[in-house]
Amino acid sequence: MEKLAPILQTIVVAKNRRSSLEFDEPSRSSDFCSGTGICRFNPYIERRSRTVWTCWYLRGYYIGKSLVQRKYYGSVASGLQKNPTFATLNLDDVNYFKGILGEKNVIQDEDRLATANVDWMHKYKGSSKLLLRPTCTEEVSQILKYCNSRRLAVVPQGGNTGLVGGSVPVFDEVIVNLGSMDKIISFDKVSGILVCEAGSILENLDAFLANEGFIMPLDLGAKGSCHIGGNVSTNAGGLRMIRYGSLHGNVLGLEAVLANGTVLDMLGTLRKDNTGYDLKQLFIGSEGSLGIITKVSILTPSRLFSTNLAFLACNDFFSCQKLLLEAKRKLGEVLSAFEFLDSQSMEMVLAHLDGTRNPLPSSLYHFYVLIETTGSDPSYDREKLEAFLLQSMEGGLICDGAVAQDTNQSSSFWHIREGLPEALSKAGTVYKYDLSLPVEKMYGLVEEMRLRLGQSAKVVGYGHLGDGNLHLNISTPEYDDSVLRKIEPFVYEWTSKHKGSISAEHGLGLMKANEIHYSKSPETVQLMASIKKLLDPNCILNPYKVLPQSVLH
Ligand SMILES: O=C(O)CC[C@@H](O)C(=O)O
Ligand SMILES: [Zn+2]
């Protein structure tokens, strides 16, 4: 990473004054350290680092920190019972797995299982007794074939960064982690098509592509630990979606293993292939409930090096919307991110994320917007952005703002937006809702929620405005059932009434499996259940997730 000037200078878009933005030191995540002691784990920040974290750090982070404030409400809240058709693991099973994977890839160590049984937020907790780490597709196939014949339930787990309880067991499911399957199989420079194993870490793929002059079409706060297989199986969205579109468009092919061990080779590398049903699409976003994705072929765009980032303030949400419209019109193809956060989000970050400072400290504005452009002509791109910002300022759409002058400033701006999940998790218990809504309706929900909850909770709104994706987060010092009951089902009813989706990019997981009807018709849910039963008749794959038990049994 470039060595950066300690004192940052910022062009301020505000007409008559300069911002007092001045950092004495590079604003890095204070939760990050390398080489010494225990690192505190946060998959949601440190976007520019090349470090690969392992689940071990998760423990390091939570012990003695904020675990006490959490309460598991996975299976308890869902009122689930273990499916009686499932078997319980025995010694013969463990020995069988040792026979095919070798001792070291059959993990029964309590500490490692404790980590793998709990999600990133410490909200969902299973009690699996076994973690398997296959090293190739054939091993995944043998594992699933065996589990299917024995009726052992399985939960596929990637980087375990999910936020809806999709990647952890509910009861004693066998955890299958593809972290050892992280090879790059091929990269074609002419077409930009990358083929890799599903356990590859997103950030590592992006680093590989950077050397080739390409970029991954998706970018998430969790990039340092999430796996591409997990990204694809949850149809992750993230920060670049406004520019490069969803994984349904960028994934060109897949290899997946079905519950009975059948390996489905759909690993095409063609942009055009009109030979009937496009079955790989079923696996994208199916959250490991139809099969385990083992390889991915993905279309990657050229990496453009002229990146600009503006951190802006708006007085109201209507101005944010108009700014989006204008940005799409005037910045056109160079627009690469359009994110927003409200003043409550900013307060959260400043209060709970060490080393964060407000880039526009003279006042706390109602809304903040990050606009990123990425192009190939530095002076043209910069002028284009600045002209757009000045025009927006004169038109009253923005009331203050700063444009990053170097990568260190960009990182500090991104740190505010990407640090939000961590800031919220440190503040206490957080109730998270990842929703798609028509942009003009989006903030109405945040305001209604504030009225409903009064002083009992802090209501925070941020998200990928450019994609119509709201992250509604509600924070209380401790878990509070009465707050939860005021939020749900209201939040889902409101979203459904306004033609939104109850999951924009995080999936349904365990959290929303029973709420699917708010976004899908009964006929659609029935067809989904039929597909699930066709591909996984014993329902061993990620049971209790995505679909309600009532439609499966
Ligand atoms: O914290 C959340 O609710 C969203 C997490 C992630 O999707 C993000 O965009 O930062
Ligand atoms: Zn998001």
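Residues numbered from 1 in each chain as written. Chains lettered and ligands numbered in written order. Predicted model: local features only at pLDDT ≥ 70, side-chain atom pairs only at ≥ 80, totals over all residues. Heavy atoms only, no water.

**Student:** What's the story with the site of ligand 1 in this structure? I'm lost.
**Tutor:** Around ligand 1, the neighbouring residues are Leu163, Arg417, Pro421, Lys432, Tyr462, His464, His471, Asn473, Glu505 and His506. In this structure, Lys432 approaches ligand 1 through a side-chain N or O atom, which is 2.6 Å from an oxygen atom. Separating an oxygen atom of ligand 1 from a side-chain N or O atom of His471 is a distance of 3.1 Å. When ligand 1 is considered free in solution it has 300 Å² of accessible area, and contact with the protein chains removes 90% of it. Residue assignment for the shell around ligand 1 shows that the elements contributing at least two residues are strand S16 (458-464) and strand S17 (469-476). Split into classes, the residues belonging to the shell around ligand 1 amount to 3 nonpolar, 4 polar and 3 charged. (Near = heavy atom within 4 Å. Polar contact = N/O pair within 3.5 Å; in protein donor to acceptor, adjacent residues only side chain to side chain. Areas by Shrake-Rupley, 256 points an atom, 1.4 Å probe, with all protein chains shown as cover. Helix = DSSP H or I, 4+ residues; strand = E, 2+ residues; numbered from the N terminus. Nonpolar A, V, L, I, M, F, W, Y, C, P; charged D, E, K, R; others polar.)

**Student:** Quick question: what am I supposed to make of helix H19 (residues 522-535) here?
**Tutor:** Helix length check: H19 (14 residues) gives 20 Å between terminal C-alpha atoms against 20 Å at 1.5 Å per residue, within 8%. Three or more residues of H19 are buried, namely Val525, Ala529, Lys532 and Leu535. Viewed along the axis of H19, the buried residues span an arc of 135°, placing them on a single side of the element. With respect to the buried face of H19, the exposed residues turned more than 90 degrees away are Glu523, Leu527 and Leu534. (Expected span 1.5 Å × (residues − 1). Buried < 20%, exposed > 50% of the residue type's maximum accessible area, 1.4 Å probe, protein only. Arc of directions from axis to C-beta.)

**Student:** Would you mind going over the UniProt feature "domain: FAD-binding PCMH-type" (unreviewed entry) in the chain with me for this structure?
**Tutor:** If you check UniProt for "domain: FAD-binding PCMH-type" (unreviewed entry), the listed places come out as residues 124-303 in our numbering. As annotated, residues 124-303 comprises 24% helix and 22% strand, and the C-alpha atoms at either end are separated by 38 Å. (UniProt positions renumbered as here; feature names shortened; annotations may be inferred.)

**Student:** Looking at this model, I keep getting lost on the coordination of the zinc ion (ligand 2). Mind explaining?
**Tutor:** Ideal values differ by geometry: the angle at a metal is 109.5 degrees with four tetrahedral donors, but 90 or 180 degrees with six octahedral donors. At 1.9 to 2.1 Å from the zinc ion (ligand 2) lie its protein donor atoms, namely His464 (NE2), His471 (NE2) and Glu505 (OE). When the donor residues of the zinc ion (ligand 2) are listed from N- to C-terminus, their spacing reads H-x6-H-x33-E. Here His471, found in strand S17, pairs with Glu505, found in the loop between helix H18 (490-497) and H19; they are 34 residues apart in sequence, far enough to count as distant. Side by side, His471 and Glu505 carry an identical accessibility label, which is buried. (Donors = N, O, S within 2.8 Å, 3.2 Å for Na, K, Ca; no water.)

**Student:** I keep staring at the nonpolar core and nothing clicks. Help me out?
**Tutor:** Within soluble globular proteins, side chains that are nonpolar generally end up buried alongside one another. The biggest cluster of nonpolar side chains holds 123 residues, and the ones touching the most others in it are Phe97, Leu323, Ile371, Tyr433, Leu472 and Ile474. Broken down by element, this core gets its largest block of residues, 7 residues, from helix H16 (residues 439-453). Ignoring anything within four residues of it in the chain, the contact list for Ile474 reads Thr429, Val430, Tyr431, Tyr433, Met449, Leu453, Ala457, Lys458, Val459, Val483 and Ile487. Judged by nonpolar contacts, the second largest core, of 29 residues, contains Trp120, Met121, Leu309 and Leu424. (Core = buried A, V, L, I, M, F, W, Y, C linked by side-chain atoms within 4.5 Å. Contact = heavy atoms within 4.5 Å.)

**Student:** Just to check I follow, could you spell out the side chain of Ser128 for this structure?
**Tutor:** Within the secondary structure, Ser128 is located in the loop between helix H4 (110-116) and strand S3 (131-132). By relative accessible area, which is 4% here, Ser128 ends up buried. Dropping the residues within four chain positions of it, Ser128 is found in contact with Leu113, Asn117, Pro169, Phe171, Asp172, Glu173, Val174 and Ile175.

**Student:** Mind showing me how you'd approach the confidence of the model for the chain here?
**Tutor:** Predicted coordinates in regions of low pLDDT should not be interpreted in detail. Confidence in the prediction of the chain, expressed as mean pLDDT, is 88, and 86% of residues score 70 or more. The least confident element of the chain is helix H1 (residues 56-62), whose mean pLDDT is 28; the most confident is helix H5 (residues 137-150), at 99. Below pLDDT 50 for its whole length, residues 1-70 participates in 173 contacts with residues either more than four positions away or in separate chains. Reported for the predicted complex are a pTM of 0.89 and an ipTM of 1.00. (pLDDT = per-residue confidence, 0-100.)

**Student:** Where do I start with the sheet that holds strand S8 (residues 251-257) in this structure?
**Tutor:** Strand pairing in a sheet relies on backbone hydrogen bonds. The paired strands run either parallel or antiparallel. As summarised here, the arrangement of the 5 strands in space is S6-S7-S10-S8-S9, forming an open sheet in which the pairing is antiparallel. In this open sheet, the two edge strands, each paired with only one partner strand, are strand S6 (184-188) and strand S9 (263-266). When the angles between neighbouring strand axes are averaged without regard to direction, this sheet yields 10°. Here S8 pairs with strand S10 (residues 292-299) via 6 bridges, running antiparallel. The partner of Leu254 across the bridge, within S10, is Val296. Against the sheet, helix H6 (residues 202-212) contacts S6 and strand S7 (193-197), and its axis sits at roughly 35° relative to S6. (Pairing = 2+ DSSP bridges. Axes fitted to C-alpha atoms, helices over the stretch in contact; angles between N-to-C directions.)

**Student:** Could you clarify how one ought to interpret H16 in this entry?
**Tutor:** An α-helical turn contains 3.6 residues, so a residue and the one three or four places further along point in the same direction. Those residues of H16 lying buried are Val439, Met442, Tyr443, Leu445, Val446, Met449 and Leu453. Across the axial projection of H16, the buried residues extend over an arc of 135°, all falling on one side. Exposed residues lying more than 90 degrees from the buried face of H16 are Glu440 and Leu451. Just past H16, the residue Gly454 takes up positive phi, approximately 50°.

**Student:** Explain unusual backbone geometry here, please?
**Tutor:** Keep in mind that most residues, glycine aside, have a negative phi and that most peptide bonds are trans. Along the chain, Glu488 connects to Pro489 via a cis peptide bond; the corresponding omega equals 10°. With a phi close to 50°, Asn235 is a non-glycine residue in the positive phi region. With phi around 55°, Glu287 is a residue other than glycine that occupies positive phi space. Position of Glu287 relative to the elements: it lies in the loop between helix H10 (280-283) and S10. By relative accessible area, Glu287 is classed as buried at 8%.

**Student:** Before we go on, may I ask you to explain the sheet that holds strand S4 (residues 154-157) in this structure?
**Tutor:** If you walk across this open sheet you meet the 4 strands as S2-S3-S5-S4, and the pairing is mixed. A strand with exactly one partner marks an edge of an open sheet, and here the two such strands are strand S2 (106-107) and S4.

**Student:** How should the packing of H16 against H18 be read in this particular structure?
**Tutor:** Two numbers describe a pair of packed helices, the interaxial angle and the distance between the axes. Two elements in contact, H16 and H18, have axes separated by 11 Å at closest approach and are oriented at 150°. One element, H16, and the other, H18, form an angle in the roughly antiparallel class. In this structure, H16 meets H18 at a crossing whose hand is right-handed. Of the residues in H18, those touching H16 at Lys441, Gly444, Leu445, Glu448, Met449 and Arg452 are Phe490, Val491, Trp494 and Thr495. Looking at the contact of H16 with H18 residue by residue, the classes come out as 5 nonpolar, 2 polar and 3 charged. (Parallel < 35°, antiparallel > 145°, perpendicular 65-115°, else oblique. Left-handed = near helix turned anticlockwise from the far one by under 90°.)

**Student:** I'm lost on the packing of aromatic side chains in this one. Help?
**Tutor:** Remark: the centre distance and the inter-plane angle together describe each pair of aromatic rings, the angle taken between the planes. With the rule as written, the count across this model stands at 18 aromatic pairs. Relative to Tyr443, the ring of Phe317 has its centre 5.3 Å away and its plane inclined at 25°; by these criteria the two rings are stacked. Taken together, the residues span a long stretch of sequence, with Phe317 in helix H11 (residues 317-330) and Tyr443 in helix H16 at a distance of 126 residues. Relative accessible area serves as the criterion here: at 8%, Phe317 is assigned to the buried category. Relative accessible area serves as the criterion here: at 4%, Tyr443 is assigned to the buried category. Each member of the aromatic cluster is reached from another via a ring pair, and the members are Phe311, Tyr365, Tyr368 and Phe413. Stacked on the ring of Phe490, the Lys or Arg Arg452 has its end atom at 4.1 Å from the ring centre. (Phe/Tyr/Trp six-rings, centres within 6.5 Å; stacked < 30°, edge-to-face > 60°. Lys NZ or Arg CZ within 6 Å of the ring centre and 35° of its normal.)

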